[in-house]
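Observations on the three-dimensional arrangement
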Amino acid sequence: MTSTLLTVAPTGAETAKADAPALPVTIEELVRTARDCEHLGATVVHVHIRDADARPTLDLGRLTDTVVALREATGLVVQVSSGGAVTDSEEDRLRVLESDPDAASCTMGTVNFGPDVFLNRWEFIVELHTRMQDRQVVPEYEIFDLGQLATLARLLDKYGLPYGGHVHCDLVMGVPGGMPGTAAALVAAVHALPAGATFSATGVGRTTLPVMLAALSAGGHLRVGMEDTLTYAPGEPVRDNAQLVARAAGLARIAQRPPMPADEARALLGVKHR
């Protein structure tokens, strides 16, 4: 692999706007953020949305408007979150696919998420996977722990490859309750990936840098953003999402694997032209 797929996750569902004023929560803020990050080398935007009061929501109308706005304003692959917030219902989480995104996340199991539980039953995983096949939406399989890679193998064996034919995972590391954000954990996860799969890695909080460096050394790709970290360095808050993308792009260039062009990213993931 000679280039690096960069994903930006700008918002998430956990951080309050009052605690991070630079967090993009309106459609206009998300579009501006996406443009800035695309200019710096991002090719995928992982989308969570907020309501008029900046609270997490899965409102289908607002999500559809966001997908349309991002597609009109950028060339980014628009990937919606099917995770939402830990309190969202399975029905609402399945409905996000009706916003006609290019891609969507598909988490491979239940995980303790700090004091909460991020619930992903087997039946729900199967329904999400098969609906994505039907709607021609590319999944990104989110992996919070090693056992979830065994679940992914079982899913692919029983229900077939995803739309686009290529398996791409995101190793979400450093969540309290999931696998640690260490090089050893990343190597173990990479060894358990399905044959032919590619992966990105996300280091939550202070694990951001070690996970980025380990992922690049293992031939992987990167996801960064204010969903996952709010501190650029000890005692230094993140200025904005573009700051995080710029650092990731710089590290990718140092590794002689510069940011991946958009057309190459779409071909790799098997994204449908919409």
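Now for a quick tour of the structure. Numbering of residues starts from 1 in every chain and runs along the sequence as written. Selection of residues for local features in this predicted model requires a pLDDT of at least 70, selection of side-chain atom pairs for listing and counting requires 80 or more, and totals for whole chains, interfaces and linings are taken over all residues. Computation of side-chain values covers all heavy atoms of the structure but excludes hydrogens and water.

Time to look at the packing of aromatic side chains. Think of it this way: a Phe, Tyr or Trp ring, Trp meaning its six-membered ring, pairs with another when their centres are within 6.5 Å, and the plane angle makes it stacked under 30 degrees, edge-to-face over 60, tilted otherwise. Using the criterion set out here, one finds 4 aromatic pairs in the structure. Measuring from centroid to centroid gives 6.2 Å for Phe113 and Phe144, while their planes differ by 70°, and the two rings are edge-to-face. With Phe113 in strand E7 (residues 111-113) and Phe144 in the loop between strand E9 (138-143) and helix H5 (147-159), this residue pair connects regions lying 31 residues apart in the sequence. Of the residues examined, Phe113 reaches a relative accessible area of 22% and is grouped as partly exposed. Seen from their ring centres, Trp122 and Tyr159 are 6.4 Å apart, and the 55° between their planes marks the pair as tilted. Of the two residues, Trp122 is situated in helix H4 (residues 122-135) and Tyr159 in helix H5; the sequence distance between them amounts to 37 residues. The classification of residues rests on relative accessible area computed with a 1.4 Å probe and restricted to protein chains. Under 20% of the type maximum is buried, over 50% is exposed, and intermediate values are partly exposed. When its relative accessible area of 19% is taken as the criterion, Trp122 is described as buried. Note on conventions: DSSP H or I runs of at least 4 residues are helices, E runs of at least 2 residues are strands, and numbering of each starts at the N terminus.

What follows covers the sheet that holds strand E6 (residues 103-107). In any sheet, the strands associate via hydrogen bonds between backbone groups, in a parallel or an antiparallel arrangement. Spatially, the 8 strands close up into a barrel ordered E1-E2-E5-E6-E9-E10-E11-E12, and their pairing is parallel. The average angle at which neighbouring strand axes cross in this sheet is 30°, direction not considered. Should DSSP find at least two bridges between two strands, the strands are taken to pair. Pairing of E9 with strand E10 (residues 168-173) involves 3 bridges; the strand directions are parallel. If you follow Glu142 over to E10, its bridge partner there is Asp170. Whether two residues touch is decided by their heavy atoms; if any such pair falls within 4.5 Å, the residues are in contact. Think of each axis as a best-fit line through the C-alpha atoms, taken over the contacting stretch in the case of a helix, with angles from 0 to 180 degrees between the N-to-C directions. Relative to E10, helix H6 (residues 183-191) is tilted by about 155°, and along the sheet it contacts E10 and strand E11 (198-203).

To qualify as a nonpolar core, a set must consist of buried Ala, Val, Leu, Ile, Met, Phe, Trp, Tyr and Cys residues joined through side-chain atoms within 4.5 Å. With 67 residues, the main nonpolar core has Met108, Tyr141, Leu152, Leu171 and Leu186 as its most contacted residues. If near-sequence neighbours (up to four positions away) are discounted, Met108 is found in contact with Ile125, Tyr141, Glu142, Ile143, Gln148, Thr151, Leu152 and Leu155. Of all hydrophobic cores here, the second largest spans 10 residues; its members include Val77, Val138, Ala265 and Val271.

With 6 of 6 residues buried, E10 lies mostly within the body of the structure. Residue alternation in E10 divides its side chains into two sets, His168, Asp170 and Val172 and Cys169, Leu171 and Met173, and both sets are buried. Orient the strands so they point away from the viewer; a crossover is then right-handed if the path from the first strand over the helix to the second runs clockwise. With H5 bridging E9 and its parallel neighbour E10, the resulting β-α-β unit is right-handed. Bridge analysis of E10 against E11 gives 6 bridges, and the strand direction is parallel. Paired with Cys169 across the bridge in E11 is Phe199. Since E10 and E11 lie parallel, the crossover through H6 that links them has a hand, and here it is right-handed.

This part is about helix H2 (residues 60-73). Three- or four-residue spacings in an α-helix give side chains the same orientation, since the helix completes a turn every 3.6 residues. To estimate the expected span of a helix, count its residues, drop one, and scale the result by 1.5 Å. Helix length check: H2 (14 residues) gives 20 Å between terminal C-alpha atoms against 20 Å at 1.5 Å per residue, within 8%. For H2, the full list of buried residues reads Leu63, Thr66, Val67, Ala69 and Leu70. Seen end-on, H2 carries its buried residues on one side only, within an arc spanning 165°. On its buried side, H2 packs onto helix H1 (27-40), strand E2 (44-47), strand E3 (49-50) and strand E5 (77-80). Between N or O atoms, a polar contact is any pair within 3.5 Å; within protein, one atom must be a potential hydrogen donor and the other a potential acceptor, and residues adjacent in sequence are included only when both atoms are from side chains. At the N-terminal boundary of H2, the capping side chain belongs to Asp59, with an oxygen 3.3 Å from the backbone nitrogen of Gly61. Arc definition: it is the arc formed by the directions from the helix axis to the C-beta atoms.

Another point: the pattern of salt bridges. Think of a salt bridge as a Lys or Arg side-chain nitrogen and an Asp or Glu carboxyl oxygen that are within 4 Å of each other. The tally for this structure, following the rule as stated, stands at 15 salt bridges. Measuring nitrogen to oxygen at the nearest pair gives 2.8 Å for the salt bridge that ties Arg121 to Glu90. Taken together, the positions of Arg121 in the loop between strand E8 (116-118) and H4 and Glu90 in helix H3 (residues 90-95) put the pair 31 residues apart, joining distant regions of the chain. Take Arg121: its relative accessible area is 36%, and that puts it in the partly exposed class. Asp228 is the partner of Arg223 in a salt bridge, and the nearest nitrogen-oxygen pair spans 2.9 Å. One exposure class covers both Arg223 and Asp228, and it is buried. Residues joined by salt bridges that share partners form a network here, namely Glu142, Asp170, Arg223, Glu227 and Asp228.

As for its placement among the helices and strands, Leu209 is situated in helix H7 (residues 208-217). Judged by relative accessible area, Leu209 falls into the partly exposed class, the value being 36%. A C-alpha to C-alpha distance of 10.0 Å links Leu209 and Thr182, two positions 27 residues apart in sequence. Setting aside anything within four residues of it in sequence, one finds Leu209 in contact with Arg247 and Leu251.

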